[in-house]
Amino acid sequence: MRFEPRRNKTVSPRTRRLRVAGGALCAAALAATLVTGCGQDSGDETAAATSEAAKVLPNQTTSPSGSVSPSGTAQLTEDQTKRKELLSTVKVTFDKAATTAVGEVSGGKLTDLDLEGIDDQDDDDATGSPSPTGSPTDGTSPSPGGTESPGGTGSPSPSGSASSPKWVAEVVEEDGTAHNVTIDAVTGKVIDSSPDADQSDADKQKLADQISKATQTPQQAAKVATDKKPGKVTSIALDENDSNVLVWQVDVVTKDWKKTTFDVDAAKGTITDEQVDND
């Protein structure tokens, strides 16, 4: 009496799929053969049958290639992301901040205006976390002062909150006396205005000479820069370049959140240098 080996009745899903696919191909090939044998235009009908046979197998390799990843944000650097987040909260533009600052000092002229925290302001950000909540990261316990603002949006405090963007200006009198003016970049209110107590006589003389030579206003220099590359002015400063030429250094953040620094001749109003910060 012979015993036939027991057949393995368990078939893996992969084997079952292969069998189904193989059967489908065989059926399609048989259909193509029958069409070829019966018809006269064997070449065209064979090609058509082969095409139909290819449609029998489902296209399992198709990936959702139509979906587009948010590369616009994924490609931003840390500095670009920081600029984007900060500028989205700023309501007071450069020109408005400049007008407000000059209005605080009778007969004064603007020599410096910076949007605090836009670039290279790590020391200013040390008391706040990268998150918009502004919670302290230095390990100290929260004081009952300005660290408990829940959202940092529209704080009614006239002194501003730690997370509120600010314009910091230097306005100089005709004799060279400098005043520091801080402006809330959301409300436009003046947070602080006071003379620079650390000025020496030499500092005053230097500033007095500079403002007398700067025939181009900061607003004119900003327009020259933004005409060359449209964007938002985040900083402007009156200073001498490496060639000892008095220039307005203008920072412009463009729509791709990159920063370009222009040197605009403070007497001629022409661009003498242009540098793009790709970070």
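No experiment lies behind these values; they were computed from the predicted model shown. (Residues numbered from 1 in each chain as written. Predicted model: local features only at pLDDT ≥ 70, side-chain atom pairs only at ≥ 80, totals over all residues. Heavy atoms only, no water.)

## Remarks on the confidence of the model for the protein
- Of the residues in the protein, 58% have a pLDDT of 70 or more, and the chain-wide mean is 73.
- Taken as a whole, residues 1-42 scores under 50 in pLDDT and shows 12 contacts with residues more than four places along the chain or in a different chain.
- Here residues 53-72 is a poorly scored stretch, pLDDT under 50, and it has 5 contacts once near neighbours within four places are set aside; other chains count. (pLDDT = per-residue confidence, 0-100. Contact = heavy atoms within 4.5 Å.)

## Quick notes on the pairing of strand S2 (residues 166-172)
- Here S2 lies mainly inside the structure; 5 of its 7 residues are buried.
- Pairing geometry for strand S1 (residues 109-115) and S2, over 6 bridges, is antiparallel. The partner of Asp114 across the bridge, within S2, is Val168.
- Joining the antiparallel neighbours S2 and strand S3 (residues 178-184) is a turn of 5 residues, in which Gly176 adopts a positive phi near 100°. (Buried < 20%, exposed > 50% of the residue type's maximum accessible area, 1.4 Å probe, protein only. Helix = DSSP H or I, 4+ residues; strand = E, 2+ residues; numbered from the N terminus. Pairing = 2+ DSSP bridges.)

## A look at the pattern of salt bridges
- With the rule as written, the count across this model stands at 5 salt bridges.
- Across the pair Lys228 and Glu274 runs a salt bridge, and its minimum N-O distance is 2.8 Å. With a gap of 46 residues between them, Lys228 in helix H7 (residues 218-228) and Glu274 in strand S8 (residues 271-277) connect regions that are remote in the sequence.
- Residues joined in a network through salt bridges with shared partners are Lys228, Lys229 and Glu274. (Salt bridge = Lys/Arg side-chain N within 4 Å of Asp/Glu carboxyl O.)

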